[in-house]
Amino acid sequence: MKNKFVKPILFVALALGFASCVEDDDFAIPPINEAFFSENFNTAVDNTVFDFEGWTNYPEVGTELWTEEMFDGDGTIQFNPYGNGESTNISWAISPQIPVAQYNNIKMSFTSAQNFVSDPENNRVELWVSSDFDGTNFEEATWTQFDAKFATNDDDGYDMVRSGEIDLSSFVGQSHISVGFKAIGSGSNTALDGLYQINDLNVYTSK
Amino acid sequence: MKKLVLSILIAMQVVVGFAQSGTGVTGKVVDSKTQKPMQNVVATIQNANLTQVTDVTGKFTFNNLAAGSQVMEIKTQGYKAQLLQVELTAGNILDLGVVVLEEDITEEQQLALITITENDLGDDNSGSESTSGLLQASRDAYQQAAAFNWGQARFRIRGLDNEYGTTMINGVVMNKLYDGRPQWSNWGGLNDATRNQEFTMGSHPSDYTFGGILGTQEINTRASIYRPGSRISFSGTNTNYSWRMMGTHASGMNTNGWAFVVSASRRWAQEGYFDGTDYAANSLFLSVEKKFNDKHSLNFTSIYAQNSRGKNSPNTQEVTDLLGHKYNSYWGWQGGEKRNSRDKDVEEPINILSHYWKISPRTNLNTNVAYQTGRVANSRLENPIGNNPDPTYYRKLPSYYLNYHATSGPLEGQWQPNYVEANNNLIKLFANRQIDWGSMYVANQNTATGEAAHMLTEQRNDDDQFTANSILSSQLADHISLNAGATFRKLKSHNYAVVTDLLGADYYLNVDPFFVGDEAQFDLNNPNGKVYEGGKAGYNYNLFATTWDAFTQFKFNYRVFDFYLAQTYSRSEYQREGLFRNGHYPNTSFGKGAKISYENFGFKGGLTYKMSGRSFFDLNAVYMTKAPSLRNTFANARNNNAFTPGVTDETVTAGDLSYILRAPKLKARLTAFYSKIQNTAELQFYYAENISDETDNEDSFISELLTGIDKQNIGVELGIEYQITPTIEINAAANYGQYTYTNNPNLKINDDALALSNRAITDFGPAYIKDYRVSGTPQQAYSLGIEYRSPKFWWVGVNGNYLADNYLDVSSVLRTDNFTIGPNGVSFDGASPDNVRKALQQEKFDDFYLVNLTGGKSWKIKSTTFGVFATVNNVLDQIYKSGGFEQSRKATYPDYVQDTASGTRGFGPKYFYGYGRTYFVNLYVNF
């Protein structure tokens, strides 16, 4: 009688206890985000056409190109249609192919700044990403637009605004991606000739 | 004397005699010391739920028992219970002869239990404190070990905070509505007057309340139940106080139906165990009962306990290594005296009027009204426009220069230790170890306008609480009893800071110097107010709480099974009223805010299976929801009426399973326990730097709101008591527990600096604390003791204890994304999983051994008993960390790396230490 009850109950109690034990080394840590592509543009040469290796500087409409700027040791790239006389400028700064095959989640962030922008609806920058851009044939690639926070005329001029985290996990399983910044403005319409800068681009994965 | 010895020795034996008629047992109970018969002693046949109370001659008789082996227990308050095994033969009344009860020495031991003050974590100085109060249970070897041997190391039964236990005086709940914890100082020092106590463990049923999952403690101060007599004692110790005097007199019930008890005590120390911790406590107790007739009695109890103590600072390892573990940065010399800048004063008298109504022989109704008022004051230095006088302020420590990193120039961010300045800081620290009160007076006399650069304030909680309750107990049928109760509580809590000493300045300007314009105003209704001594400063508000609760409980007692079922319902309503219009929150700080209410319920049940008269299985389970405490309901009570986002009812599930053996020589209990507390909250209020605001603003008072926390406590408890000979007893106890967080709760920070832009509360996302250990108690504890009790009224005991698995309280902010991930979304340089894991590994304190000695002797001269009782705790003088917390200031990985550059951390964890070797000697006279 005694043993019949005591043993199973004690056994169950002990088993319950030890089954849910955790070791001292077993604990959660905050996520670690490792960048596998980073560009801070700090090798920029002030006031020259943007020509970093692997990057594409492509004027889709008009002739305005992205330029390299350097201010107090901090490099950036800039789109500035001011005074070029062209009615519409659409220019792309497109990153090199970034291999993503090995990651099960893909995120990115960057910063942007503006100056002289008065109509951020029509004088703006957009973020587009492609997984099949070969570095030259822009028209043949498929581009997908992503939401991100860009600087607007609510921000002070040249203040770098953080984009927030952009989730690119829809590209998981692709071999590579290219990140494109599409700037839109006008060199003849003074309401649309504000400038934009892009900086501190990071593509990363969360571990 | 010889006769006396003999009777004790035979107490455990059974002197067999035979009487006539029926099957049963009879005996006469006498006091071992006085040899006088004892009335009202309870004799119980364990397996049959039969109880008898001894008459005036000390006699009890059972005469309808089943033949065979029975275990009977004879017990009364203040005496060691006797377990006797009796063999009954049909048709015979077994005469046990004289049963001798010895005074319970744990009663003396309890006098030596020093309240271990919980670290005053955070700066909000919550009114009550967490101590080992519920540990004062006696009787069971495990509970005794927990109280007398492990309590000094802040051991908590089942790893649970006191808010999960219920402490009552005459059925009136003493847990504060503010934070759910009892304020032990409210009746501190009145050990003699509060020694009639009933305990339950875990969710075991109490006759007075539904209770929590830690257990209940009911202190009964009804005047007629005290043993008549007087007692005076005088004690010396070197713990938090040095001396104690206590006197108590109980009249017993006179022929007119009056009974009264008075008690008074004083405890004091110029300096307790830690440097600069002064202590002064005066306590008065009065209880008067009038019995009108057999049905009605009225009792009035009044308790007035004043307690003032100087606190001691938690210190970083750097400070302790330099200045020792008793070092306390809170005090400084003034006029030849040690003046502590952080005193805690408690003065909250309690008055309880109780009506006892014996409705029928089987039904009792106890109705109480209670009123408690008074104040809790925590003093604190404020430095509105002065430098921080704390001698251990981070800039004054060597580590500030040892870990110095260039903040600009080509070496920005590089480690640039400055050993010369570090050494200068060291020399200055040794020269200025303590607060310099004099320099504060000088600074105050040299401000441009007479405004205070420094001042001493008290942060006050002035509570008024009214409680009314009724508790019914009724034996519904032979095997069924009912307990039921209902309680109403209404609290008004006035919280404010008051200027108590301007330290020579003319006035204090009631503005926050770290802000400008309206935002700087603590009270926009009285902008730039000049505050003088006695005036309110900084914050000023009322909290209102109204709660109702009710419970019913049915207990069923049968021969083989006992079981019970209980249920409870409660409703809590909270509201804040601002008395200042705060500059950060002009629209939400002044006047009454919205009311919020919570409705909660609980169910519990349990079963005892009596395998035989001596072995039992006991199973208990409870499921309940619990309203958040008043403290956790308001996100930033000092400054506005807002409720804490995400705070809701918590859910508590618990159970335990025990095997209990109660044989005459061997008593043992083995319990496995489990509890899961879900959706609970931890709010911390502290002065922070660099958490959400950019500036080096050390006076930014922030609230850290951690909500949706799940915790799981599992473990095994073991207690064994073995009587080797009538004079030698061995006891052993063990606790193996694991108390962990089981999820990653959400963390938000409220920062006033961002309030005007409507961003006061920043969501930091999940705090990754899953599988971290809950801090605050050793999770493993073992005790082995031996006790010799001489028949000549002296006794001595020694206990060896091993305590392990006590963990540091981790900072939640350090475990959010904020720690690893920079503003660009990418982890900081070097923040690899391995490095982060190393940085965030929870510190486990070193295991330690405690050896404790106890001993006592008493003499009886005519009707007067003289006694001496002494303990030496921690004989080996082990210095050990009893608790501590990580500082939240260095809240990112690069900050952490910088702070650890030299190996001497400036912002490392702060620790509390246990007492080293301490003694307690008590001399007493009973007459």
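Treat the numbers as computed from the prediction; the structure is a model and nothing was measured.

Novice: What is the right way to read the overall build of chain A from this model?
Specialist: Of the regular secondary structure elements, chain A holds one helix and 14 strands. Every one of the 207 residues in chain A was classed for burial, and the buried ones make up 35%. Excluding contacts between residues fewer than 6 apart, the proportion of contacts in chain A whose partners are at least 24 apart in sequence is 76%.

Novice: In this structure, what is going on with the overall build of chain B? I would like to understand it.
Specialist: The secondary structure content of chain B amounts to eleven helices and 45 strands. Rg of the C-alpha trace for chain B: 29 Å, near the compact-globule value of 30 Å for 927 residues, within the 12% margin. In terms of its C-alpha atoms, chain B occupies a principal-axis envelope of roughly 105 × 55 × 55 Å. A burial count over chain B gives 51% of its 927 residues as buried.

Novice: Can you walk me through the UniProt feature "domain: DUF5017" (unreviewed entry) in chain A in this structure?
Specialist: Per the UniProt record, "domain: DUF5017" (unreviewed entry) is found at residues 102–190 of chain A. Between the end C-alpha atoms of residues 102–190 of chain A the distance is 46 Å, and the span holds 0% helix and 37% strand.

Novice: Please clarify how the sheet that holds strand β9 (residues 165–169) of chain B should be interpreted in this entry.
Specialist: Across a sheet, strands are paired by hydrogen bonds formed along the backbone, either parallel or antiparallel in direction. Residue and element names in this part refer to chain B. With respect to topology, four strands assemble into an open sheet ordered β10-β9-β12-β11, the strand pairing being mixed. Each edge of the open sheet carries a strand with a single partner, namely β10 (172–173) and β11 (197–201). Here five bridges tie β11 to strand β12 (residues 215–219), and the two strands are oriented antiparallel to one another. Directly across from F199, in β12, lies its bridge partner Q217.

Novice: Before we go on, may I ask you to explain the sheet that holds strand β7 (residues 82–88) of chain B in this structure?
Specialist: Residues and elements named next belong to chain B. Spatially, the four strands line up as an open sheet ordered β4-β3-β6-β7, and their pairing is antiparallel. Of all the strands in the sheet, the pair left with one neighbour each is β4 (50–53) and β7. Strand-to-strand twist across the sheet, computed as the mean angle between neighbouring axes with direction ignored, equals 25 degrees. Bridge count for strand β6 (residues 68–75) against β7 is seven bridges, and the pairing is antiparallel. Residue pairing across strands places V71 opposite Q85, the latter belonging to β7.

Novice: Sorry if this is basic, but what is going on with the interface of chain B and chain A here?
Specialist: By a widely used convention, the size of an interface equals the accessible area lost when the partners come together. Taken together, the 35 residues of chain B in the interface contact 29 residues of chain A. Mapped by element, the contributors of at least two residues to the side of chain B that touches chain A are β33 (650–662), β35 (700–723), β36 (728–741), α9 (817–820) and α10 (833–840) of chain B. Top contributing element to the side of chain B that touches chain A by residue count: α10(B), with four residues.

Novice: Is there a simple way to think about the domain arrangement of chain B in this case?
Specialist: All names here are of chain B. The domain boundaries assigned to chain B delineate domain 1 (2–103), domain 2 (109–307 + 316–384 + 454–926) and domain 3 (394–432). Averaged C-alpha coordinates put domain 2 and domain 3 at centres separated by 39 Å. The partner domain 3 presents eleven residues to the ten residues of domain 2 that form the contact. Counting only elements with at least two residues in the side of domain 2 that touches domain 3, the list comes to α4 (317–323) and α11 (893–899). Here the side of domain 2 that touches domain 3 is built from residues that sort into three nonpolar, four polar and three charged.

Novice: How do you make sense of the pairing of strand β40 (residues 794–804) of chain B when you look at a structure like this?
Specialist: Strand residues, when the strand is regular, have side chains that alternate between the two faces of the sheet. All names here are of chain B. Alternating positions in β40 separate cleanly, W795, G797, N799, N801 and L803 being buried on one face and W794, V796, V798, G800, Y802 and A804 remaining unburied on the opposite face. The pairing of strand β39 (residues 780–790) with β40 spans eleven bridges and is antiparallel. Considered in β40, the bridge of G785 is made with N799.

Novice: Mind showing me how you'd approach the confidence of the model for chain B here?
Specialist: Low-pLDDT portions of the prediction should not be read for the details of their coordinates. Residues and elements named next belong to chain B. Mean pLDDT over chain B works out to 88, with 92% of the residues at or above the 70 mark. For the stretch residues 692–697, pLDDT sits under 50, and the model shows ten contacts to residues farther than four places along the chain or on other chains. Here the prediction assigns the complex a pTM of 0.86, and the interface score ipTM is 0.81.

Novice: Before we go on, may I ask you to explain the environment of B:P778 in this structure?
Specialist: Residues and elements named next belong to chain B. Within the fold, P778 resides in the loop between β38 (761–766) and β39. Owing to 26 C-beta atoms within 10 Å, P778 belongs among the buried residues under this scheme. In sequence terms P778 and W150 are 628 residues apart; their C-alpha atoms lie 8.8 Å from each other. Excluding its chain neighbours within four sequence positions, the residues that come into contact with P778 are A153, F155, L803, A804, D805 and N806.

Novice: So what exactly am I meant to see when it comes to helix α7 (residues 437–445) of chain B here?
Specialist: Owing to its 3.6 residues per turn, the α-helix aligns residues three or four sequence positions apart on the same side. Residues and elements named next belong to chain B. For α7, the set of buried residues is W437, M440, A443 and N444. The arc that holds every buried residue of α7, seen down its axis, measures 115 degrees, which confines them to one face. Of the surrounding secondary structure, the elements contacted by the buried residues of α7 are β19 (331–334) and β20 (337–340).

Novice: Even after reading the chapter, I still don't get the nonpolar core, so can you show me in this structure?
Specialist: Generally speaking, soluble globular proteins have nonpolar side chains that are buried together. The biggest cluster of nonpolar side chains holds 104 residues, and the ones touching the most others in it are B:M455 and B:Y508. Among the elements that line this core, the one with the most residues is helix α3 (residues 141–150) of chain B, at seven residues. Setting aside chain neighbours within four positions, we find B:Y508 in contact with B:P384, B:A452, B:M455, B:V499, B:L502, B:V531 and B:A537. Counting residues in hydrophobic clusters, the runner-up holds 36 residues, among them A:W66, A:V100, A:I106 and B:V826.

Novice: Would you take a moment to explain unusual backbone geometry for this structure?
Specialist: Glycine aside, residues mostly have negative phi, and peptide bonds are mostly found in the trans state. Residues and elements named next belong to chain B. Its identity as a non-glycine residue notwithstanding, N40 has a phi of 65 degrees, on the positive side. Within the fold, N40 resides in the loop between β2 (24–31) and β3 (42–45). Overall, the presence of 14 C-beta atoms within 10 Å leaves N40 in the partly exposed class. Not every positive phi belongs to a glycine, and D805 is a case in point at roughly 60 degrees.

Novice: Honestly, the environment of B:D809 in this entry has me stumped. Any pointers?
Specialist: All names here are of chain B. Note on placement: D809 falls in the loop between β40 and α9. On the basis of neighbour count, D809 is assigned to the buried category, with 22 C-beta atoms found within 10 Å. When the C-alpha atoms of D809 and N542 are compared, they prove to be 31 Å apart, with 267 residues separating the residues in sequence. Apart from the residues lying within four places of it in its own chain, the contact partners of D809 are S775, G776, G884, F885 and E886.

Novice: How should the environment of B:K59 be read in this particular structure?
Specialist: Residues and elements named next belong to chain B. Relative to the helices and strands, K59 is located in strand β5 (residues 59–62). For K59 and M38, which are 21 residues apart along the polypeptide, the C-alpha to C-alpha distance reads 8.3 Å. With sequence-adjacent residues up to four places away left out, K59 is seen in contact with T26, K28 and T54.

Novice: Help me out: how do you make sense of the pairing of β19(B) in this one?
Specialist: Taken together, the four bridges between β19(B) and β20(B) define a ladder with antiparallel strand orientation. Note on β20(B): the bridge partner recorded for B:W331 is B:N340.

Rules used in this analysis
- Counting from 1, residues in each chain are numbered in the order their sequence is written.
- Just so you know, chain letters begin at A and ligand numbers begin at 1, following the order they were written in.
- In keeping with the model being predicted, local features are shown solely for residues with a pLDDT of at least 70 and side-chain atom pairs are shown and tallied solely at 80 or more, while totals for entire chains, interfaces and linings include all residues.
- Only DSSP runs of H or I with at least four residues qualify as helices, and only runs of E with at least two residues qualify as strands; both kinds are numbered from the N terminus onward.
- For every residue, the other C-beta atoms within 10 Å of its own C-beta are counted; 20 or more classify it as buried, 12 or fewer as exposed, and values in between as partly exposed. C-beta atoms are placed from the backbone.
- Once C-beta atoms are placed from the backbone, any two residues with those atoms within 7 Å are in contact.
- C-alpha atoms define the radius of gyration in this analysis, and the globule rule sets the expected value at 2.2 Å times the number of residues to the power 0.38.
- UniProt positions are given in the numbering used here, feature names are shortened, and annotations may be inferred rather than shown by experiment.
- For two strands to count as paired, DSSP must find a minimum of two bridges between them.
- For every element, the axis is a line fit to its C-alpha atoms; helices are fit only across the contacting stretch, and the angle between N-to-C directions ranges from 0 to 180 degrees.
- For every domain, the bounds stem from an assignment made automatically or drawn from a database.
- For this scheme, ten residues count as nonpolar: Ala, Val, Leu, Ile, Met, Phe, Trp, Tyr, Cys and Pro. Four count as charged, namely Asp, Glu, Lys and Arg, and the remainder, Gly too, count as polar.
- Confidence scores here are pLDDT values: one per residue, from the predictor, ranging 0 to 100.
- Throughout, the arc means the angular range of directions from the helix axis out to the C-beta atoms.
- Under the definition applied here, buried Ala, Val, Leu, Ile, Met, Phe, Trp, Tyr and Cys residues are grouped into a nonpolar core through C-beta atoms within 7 Å.

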